[in-house]
Structure formats: C-alpha cells, structure tokens
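# Analysis of the macromolecular model
Chain by chain, the residues run as shown.
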Amino acid sequence: MQVKVKLQLPDAIAHRHVTTVLTPFHVTTHRQENNFFDGSSNELSSRRAILRLRFADTDPLCVVTLKAKAVIVDGVSRVEEDEEVLDVAIGRECLAKPANPRPTPRRDRQT
C-alpha cells in the first residue's frame, strides 16, 4: 500500500511556513517531468480523470499513469490509479506526437 500526503495551502505565506518547518528534514530533491493529457473536449477531466507521462531523474523509464474517480472525504483523497512502464524513447515519441501513440508491449515495473 502506498500513502501520499498532499497539503492544500491557502496562500504563499502558509507555503513559506511549511517550507521553513520541513527544511531541516530535507534529504534529497527528485526532479520529475510530468506531462498531462486530455481531449479537446475535456473528455478525461470531465470524468474526474487524468492521464500523465512522467519522466524522472532517478528512473531510466517513463511511467504512464491514469488516475480516475478521485473522492475526498475528511481531507483524505482516494483515487483509482493504473500505471504502465514505457521505454523513455517511446514515452518521448508519445509526447512529441500525442495524436499518434503507438502500441507497445507491456513491461512490469521493478521497484
């Protein structure tokens, strides 16, 4: 099970306060490139879904993620999430030509 904590802060002052409190515990920064996709008529977002291609400095692969049906109860978000791993070259090709993605064999992600 994976648990992520996301804070919704009201303004820049609150952000600075949280940053100040957490800075002494910072170990490393991971760089990510996140690219989000939707149809011209907002087919995904109108159904509370997102499609993302993620490239990270710590992983030689690209991860395509579909998240849908997010529900927030008492400040806790629950969301259905499917992930598939792509070779970086295929991910970059999909990013360059999003209207013409090519099928690719499935690879299991090793974590």
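So, a few notes on the structure that sits alongside this text. (Residues numbered from 1 in each chain as written. Predicted model: local features only at pLDDT ≥ 70, side-chain atom pairs only at ≥ 80, totals over all residues. Heavy atoms only, no water.)

## A short note on the pairing of strand β4 (residues 76-87)
The condition is simple: Only when DSSP finds a minimum of two bridges between them are two strands counted as paired. Comment: elements are numbered from the N terminus, with helices defined as DSSP H or I runs of at least four residues and strands as E runs of at least two.
As defined by bridge partners, strand β3 (residues 59-73) adjoins β4 across 11 bridges and the pair is classed as antiparallel. Bridge pairing in β4 links Ala-68 to Glu-80.

## Brief notes about the pattern of salt bridges
The line we're drawing: A pair is scored as a salt bridge if a Lys or Arg side-chain nitrogen falls within 4 Å of a carboxyl oxygen belonging to Asp or Glu. Burial classification: accessible surface area is computed with a 1.4 Å probe over protein chains only, and a residue below 20% of its type maximum counts as buried, one above 50% as exposed, and the rest as partly exposed.
Considering all chains together, one arrives at two salt bridges under this definition. Put simply, Arg-92 and Glu-33 hold a salt bridge, and the shortest N to O gap is 2.8 Å. Taken together, the positions of Arg-92 in helix α2 (residues 88-96) and Glu-33 in strand β1 (residues 32-37) put the pair 59 residues apart, joining distant regions of the chain. Overall, Arg-92 belongs to the partly exposed group, its relative accessible area being 35%. The salt bridge involving Lys-67 is made with Glu-81; its shortest N-O contact spans 3.7 Å. Placement of the pair is Lys-67 in strand β3 and Glu-81 in strand β4, with a sequence separation of 14 residues. Assessed through its relative accessible area of 30%, Glu-81 is described here as partly exposed.

## Quick notes on the nonpolar core
Going by this rule: As used in this record, nonpolar core signifies buried Ala, Val, Leu, Ile, Met, Phe, Trp, Tyr and Cys residues forming a set joined through side-chain atoms within 4.5 Å.
If you look at the biggest cluster of nonpolar residues, it comprises six residues: Leu-53, Phe-55, Cys-62, Leu-86, Ile-90 and Cys-94. For this core, the elements supplying multiple residues, two or more each, are β2 (49-56) and α2.

## So, the packing of aromatic side chains
Convention followed: A pair of Phe, Tyr and Trp rings is counted when the ring centres sit within 6.5 Å of each other, with Trp represented by its six-membered ring. The angle between the planes then sorts it: under 30 degrees is stacked, over 60 is edge-to-face, the rest tilted. Any Lys NZ or Arg CZ that is within 6 Å of a ring centre and within 35 degrees of that ring's normal is treated as a charge sitting over the ring.
If you walk through the whole model with that rule in mind, you get zero aromatic pairs. Lying across the ring of Phe-55, Arg-92 places its NZ or CZ 3.7 Å from the centre.

## Some thoughts on the environment of Gly-39
With respect to the helices and strands, Gly-39 occurs in the loop between β1 and β2. Among the residues examined, Gly-39 registers a relative accessible area of 28% and is labelled partly exposed. Between the C-alpha atoms of Gly-39 and Ala-99, which are 60 residues apart in sequence, the distance is 9.9 Å.

## Some details on the sheet that holds β2
Put simply, the rule is: Comment: axis = line fitted to C-alpha atoms, over the contacting stretch for helices; angle = value between 0 and 180 degrees taken between N-to-C directions.
Ordered in space as β1-β2-β3-β4, the four strands form an open sheet in which the pairing is antiparallel. A single partner strand is all that each edge strand has here, and the edge strands are β1 and β4. Going from strand to strand, the sheet's axes swing by 25° on average, the running direction of each strand aside.

## Structural notes on α2
Just so we agree on the cut-off: By construction, the arc corresponds to the directions joining the helix axis to the C-beta atoms.
Within the sequence span of α2, burial applies to Ile-90, Gly-91 and Cys-94. In a view along the axis of α2, the buried residues occupy a sector of 100°, so they form one face of it. Exposed residues on α2 whose side chains face more than 90 degrees from its buried face are Ala-89 and Ala-96.

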